[in-house]
Amino acid sequence: MAGYLFSHFIGEEKDGEQIYFAVSRDGLHWKDLNAGMPVLYSHIGTCGVRDPFLVKNPRSGRNYLIATDLRIEAGKGWTCAQEQGSRDLIVWESQDLIHWSRERACTVGIPEAGCVWAPEAVYDMEKEAFLVFFASKVRKEGEQKGKHRIYAAYTKDFHEFSETFLYFEKEDDVIDTTILEGQGRYYRISKDETTKRLILESSEALLGQFVRIESPVLDALEGVEGPEGYLLPDGRWCLMADQFQKGEGYLPMVTESLETGDFRILCRDEYNMGETRKRHGGVLRITDEKYGELVRAFGF
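Rules used in this analysis
- Residues numbered from 1 in each chain as written.
- Predicted model: local features only at pLDDT ≥ 70, side-chain atom pairs only at ≥ 80, totals over all residues.
- Heavy atoms only, no water.
- Helix = DSSP H or I, 4+ residues; strand = E, 2+ residues; numbered from the N terminus.
- Rg over C-alpha atoms; globule rule 2.2 N^0.38 Å.
- Contact = heavy atoms within 4.5 Å.
- Areas by Shrake-Rupley, 256 points an atom, 1.4 Å probe, with all protein chains shown as cover.
- Lys, Arg positive; Asp, Glu negative; His and termini not counted.
- Charge placed at Lys NZ, Arg CZ, Asp CG, Glu CD.
- Phe/Tyr/Trp six-rings, centres within 6.5 Å; stacked < 30°, edge-to-face > 60°.
- Lys NZ or Arg CZ within 6 Å of the ring centre and 35° of its normal.
- Pairing = 2+ DSSP bridges.
- Axes fitted to C-alpha atoms, helices over the stretch in contact; angles between N-to-C directions.
- Buried < 20%, exposed > 50% of the residue type's maximum accessible area, 1.4 Å probe, protein only.
- Salt bridge = Lys/Arg side-chain N within 4 Å of Asp/Glu carboxyl O.
- Disulfide = S-S within 2.5 Å.
- Polar contact = N/O pair within 3.5 Å; in protein donor to acceptor, adjacent residues only side chain to side chain.

Q: Can you lay out the overall build of the chain for me, pointing to particular residues and giving the numbers?
A: A count of helices and strands for the chain gives 3 helices and 20 strands. For 300 residues, the compact-globule estimate of 2.2 N^0.38 gives 19 Å, and the C-alpha radius of gyration of the chain, at 18 Å, lies within 12% of that figure. In terms of overall dimensions, the chain has C-alpha extents of about 55 × 45 × 40 Å along its principal axes. Put simply, 53% of the contacts in the chain that link residues at least 6 apart link residues at least 24 apart. Surface accessibility of the chain: about 13300 Å² in total, with carbon and sulfur atoms responsible for 47%. If you average the places of the 37 positive and of the 51 negative side-chain charges in the chain, the two averages end up 2 Å apart.

Q: Describe the packing of aromatic side chains, listing the residues and the values that go with them.
A: Inspection of the entire model under this criterion finds 14 aromatic pairs. Aromatic ring contacts, followed pair by pair, group Tyr4, Phe6, Trp30, Tyr230 and Tyr250 into a single cluster. When the ring centre of Phe300 is taken as reference, the NZ or CZ atom of Lys31 above it lies at 5.1 Å. Lying across the ring of Phe210, Arg188 places its NZ or CZ 3.9 Å from the centre.

Q: Outline the sheet that holds strand β2 (residues 20-24), listing residues and values.
A: Within the open sheet, the 4 strands sit side by side as β3-β2-β1-β20. Their pairing is antiparallel. A single partner strand is all that each edge strand has here, and the edge strands are β3 (30-32) and β20 (279-287). Across the sheet, the axes of successive neighbouring strands diverge by a mean angle of 30°, strand direction being ignored. Bridge count between strand β1 (residues 2-9) and β2: 5 bridges; the pairing is antiparallel. Bridged to Ser7 within β2 is Phe21.

Q: How would you explain helix α3 (residues 288-298) if you had to name every residue and give the values?
A: Along an α-helix, a turn takes 3.6 residues, which lines up residues three or four apart on a common side. Residues of α3 that are buried include every one of Lys290, Tyr291, Gly292, Leu294 and Phe298, and no others. Against β1, β2 and β20 lie the buried residues of α3. Positive phi appears at Gly299, one or two residues downstream of α3, with a value of about 70°.

Q: Describe the pattern of salt bridges, with residues and values.
A: Applying the stated criterion across every chain yields a total of 29 salt bridges. Close ionic contact of Glu270 with Arg264 constitutes a salt bridge, the shortest N to O distance being 3.0 Å. Using a relative accessible area of 25% as the deciding quantity, one classes Glu270 as partly exposed. Overall, Arg264 belongs to the partly exposed group, its relative accessible area being 38%. Members of the salt-bridge network, linked through shared partners, are Glu12, Glu17, Arg50, Lys191, Glu193, Lys196, Glu225, Asp242 and Arg279.

Q: If you had to explain the sheet that holds strand β19 (residues 264-265) to someone new, which residues and values would you point to?
A: Across the sheet, which stays open at both edges, the 4 strands sit in the order β16-β17-β18-β19 with antiparallel pairing between neighbours. Two strands bound the open sheet, and with one partner strand each, they are β16 (225-231) and β19. One ladder, built from 2 bridges, connects strand β18 (residues 250-255) with β19; its direction is antiparallel. When the sheet's bridge partners are listed, Val254 is paired in β19 with Arg264.

Q: An account of the pairing of strand β12 (residues 174-182) is requested, with residue identities and associated values reported.
A: In terms of burial, β12 is largely enclosed, as 8 of its 9 residues are buried. Bridge count between β12 and strand β13 (residues 185-192): 7 bridges; the pairing is antiparallel. The residue of β13 that forms the bridge with Val174 is Asp192. Linking two consecutive strands that pair antiparallel, namely β12 and β13, is a turn of 2 residues; a positive phi of about 55° is found at Gln183 within it.

Q: Can you tell me about the environment of Phe130, naming the residues and giving the values?
A: The topology assignment puts Phe130 in strand β9 (residues 129-138). On the accessibility criterion, Phe130 (0% relative accessible area) is buried. Residues contacting Phe130, with those up to four places away along its chain left out, are Val55, Lys56, Asn57, Tyr64, Ala121, Val122, Tyr123, Ala153, Tyr154, Thr155 and Phe158.

Q: Quick rundown of the state of the cysteines? Include the residues and the values.
A: Throughout the structure, instances matching the rule amount to 0 disulfides. Looking at Cys80, it has no disulfide partner, and the nearest cysteine sulfur is the one in Cys115, 11 Å off. The cysteine Cys267 is free of any disulfide, with Cys238 supplying the nearest cysteine sulfur at 14 Å.

Q: Tell me about the side chain of Arg236, and name the residues and values.
A: Positionally, Arg236 belongs in the loop between β16 and β17 (237-242). A polar contact of 2.8 Å, which involves the side chain of Arg236, links it to the side chain of Asp234.

Q: Mind laying out the environment of His8, listing which residues take part and the relevant values?
A: Looking at the element boundaries, His8 is found in strand β1. Using a relative accessible area of 1% as the deciding quantity, one classes His8 as buried. Separated by 91 residues in the primary sequence, His8 and His99 have C-alpha atoms spaced 18 Å apart. Ignoring sequence-local partners within four residues, the contact set of His8 consists of Gln18, Ile19, Tyr20, Phe21, Ala22, Pro52, Thr276, Lys278, Arg279, His280 and Gly281. Only 3.4 Å separates the side chain of His8 from the backbone oxygen of Phe6, close enough to count as a polar contact.

This is the structure we're talking about:
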C-alpha cells in the first residue's frame, strides 16, 4: 500500500492563501493534516501563496514545493493581480516532506509580465533538469491588450533558472497548465480562460508539438480550473478540476487512458475531499512509510 500527499490552498479568507496538506491512501478519500490549518506560511512577497505544486527530483530524492506569490485577501483585486502582480514564484524544499526550508522568492517572469501564476514543473530526463512552466499576462508589441500565455524555464535546483521562454499560447488566454507523463507520451491539460473549460493535448516530447484530444466530458464541464492528475493504485488516471465558479472545490474524474479523452465524473459517494474546501493544488505519490511519518508529524 502507498499513499498520496495533496498540497493546496483553501480560499481568500484570512490564512486561506497559505500551504495546506492532506493525505490519502487511495487518491480519492482525503484527510486533512494539521487539523485543517496551514502547514507552511509565506512571509515574503505578498505574504500569501496560491496554486502550490509538489515535485520530486527522481535523481536526488529532493522535494520542492512551488507556488504563486499572490494574496487576493489583501484587497487589491484581480486586475492588479494580473497586470501589476508578482513576477516571482515562492519555493520551499525538503528531503523528507516534513522539515522544510524557509521560503524563497525566485524571479522567473519576463520584465513585461503582469504576473506569474500557477507554476508547475516536470522532470526532463534528457536534460536532467526541471521544466518549470507558468502563466503570465503579457502585452506584446502591436497588441491592444495583454493576454495570458504559458512561459517556461529550466532549473536543476530551483535556485538558478535558464532564460524564460514562451512555451505555448492559444488564440485566447490560457492559464493553469499541468503535464502528465504516461505510455511514452506527455499529456497537457490547461484552462481556456475565456470559456472556463479544460483543454487536453498530447505530444511525444515536452517541447514538441501538442495535438488536441477531443473530450466530450471536459468540453461540457464549465467553470473549472486548476487541473491536477495522477495515477490511482488500480492504474486508472484521476483528473481533478477546481469548481471555482460554483465555489465547490475539487471534482475528481477518472479514465482508463488519457489518450481517449474519455472521462467519468465520480459520484459523491465515490470520493471524499476532506473537511476543507480544497483549491488549486498538486498531488505527490508517496510511500506507505512516508504516509505514516506525515500523520505522526502533523496529525489529523
